[in-house]
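# Secondary and tertiary structure notes
Letter by letter, the chains look like this.
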Amino acid sequence: IAALRALKRRNPYARMEKLAKSLTREIARAASQHGTALVVNQIGGLFTMFFSDQAVVDYQSAKRTDTKKYAKFFQNLLKKEVYFPPSNFEACFVSASHGSQDIEKTVTAITQSLA
């Protein structure tokens with residue numbers, strides 16, 4: 001209850017969405033610069049990434065994505081101390097504790113990993 005009260009008082013959701021939008025925009029830009037087919041879906045502070053040149057809107061379209069490429073991408077991020085979910089069937093979250101430095105570090109790691 002105390003945590004919910006603190007969240008209500010602090011109301012970090014608009015800031016989390018702004019950071020997620022910034023991050024996903026940079027992810028899409030990095031993928032485009034490297035010629036990598038990547039779909040990024042985002043709502044609020046939640047986002048997903050799929051290595052595909054087709055829209056991913058449901059489980060069937062998600063299953064058609066390149067999961068092996070995501071696994072390699074995930075391992076590259078781990079080496080750079082950026083922790084994404086180990087499966088592209090899971091979601092990423094921007095939390096209330098993330099800040100612009102976290103976003104910058106993540107963008108740098110993703111850009112290097114896509115290279």
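Up top is the structure.
Attention in this report is confined to the structure presented alongside it. Quick caveat: nothing in here was measured; it's all calculated off a predicted structure.

About the thresholds
- Within every chain, residues take consecutive numbers counted from 1 along the sequence as written.
- At least 70 in pLDDT is required for a residue's local features to be given in this predicted model, at least 80 for side-chain atom pairs to be given and counted, and no such filter applies to totals for whole chains, interfaces and linings, which use all residues.
- In computing side-chain properties, one takes all heavy atoms of the structure into account and sets aside hydrogens as well as water.
- What makes a nonpolar core is a set of buried Ala, Val, Leu, Ile, Met, Phe, Trp, Tyr and Cys residues whose side-chain atoms join them at distances within 4.5 Å.
- We call a residue buried when its accessible area falls under 20% of the maximum for its residue type, exposed when it is over 50%, and partly exposed in between, using a 1.4 Å probe and counting protein chains only.
- Strands are runs of DSSP state E lasting at least 2 residues, helices are runs of H or I lasting at least 4, and numbering of each runs from the N terminus.
- By the convention used here, residues are in contact when the closest approach between their heavy atoms is within 4.5 Å.
- Helices are assigned an expected span. That span is 1.5 Å times one less than the residue count.
- Here the arc refers to the directions that run from the helix axis out to each C-beta atom.
- Distance and chemistry together define a polar contact, namely a pair of N or O atoms within 3.5 Å, with one atom able to donate a hydrogen and the other to accept it when in protein, and with adjacent residues in sequence counting only for side-chain atoms on both sides.
- When DSSP finds two or more bridges between a pair of strands, those strands are recorded as paired.

## Looking at the nonpolar core
Phe 47, Phe 73 and Phe 84 are the most contacted members of the largest nonpolar core, which has 23 residues in total. Of all the secondary-structure elements, those providing two or more residues to this core are helix H2 (13-33), strand E2 (46-50), helix H4 (67-79) and helix H5 (100-114). If you tally residues by element for this core, the top one is H2, at six residues. Sequence-distant contacts of Phe 84, defined by excluding residues within four places in its chain, comprise Phe 47, Met 49, Tyr 70, Phe 73, Phe 74, Leu 77, Cys 92, Thr 106 and Ile 110.

## Quick word on H4
Since the α-helix advances by 3.6 residues per turn, residues separated by three or four positions end up pointing in the same direction. Between the first and last C-alpha of H4 there are 19 Å, a value that for 13 residues agrees with the 18 Å anticipated at 1.5 Å per step. Turning to H4, its buried residues are Tyr 70, Phe 73, Phe 74 and Leu 77. Taken around the axis of H4, the buried residues stretch over an arc of 105°, which confines them to a single face. Projecting away from the buried face of H4 at angles above 90 degrees are the exposed residues Lys 68, Lys 72 and Lys 79. Of the surrounding secondary structure, the elements contacted by the buried residues of H4 are E2 and H5. Capping the start of H4, Asp 66 holds a side-chain oxygen 3.3 Å from the backbone nitrogen of Lys 68, two or three residues further along.

## Considerations on the environment of Leu 23
Of note, Leu 23 is situated in helix H2. Given a relative accessible area of 3%, Leu 23 falls into the buried group. The sequence separation of Leu 23 and Thr 36 amounts to 13 residues, and the corresponding C-alpha distance is 17 Å. Beyond its immediate chain neighbours, meaning those up to four positions away, Leu 23 contacts Phe 47, Val 94, Ile 103, Thr 106 and Val 107.

## Some details on the sheet that holds strand E1 (residues 39-43)
The three strands lie next to each other as E1-E2-E3, forming an open sheet whose pairing is antiparallel. Taken across any chain shown, the strands that pair with only one partner, and hence form the sheet edges, are E1 and strand E3 (92-93). When E1 meets E2, the two strands line up antiparallel, connected through five bridges. Among the inter-strand pairings, Ile 43 is bridged to a residue of E2, identified as Leu 46.

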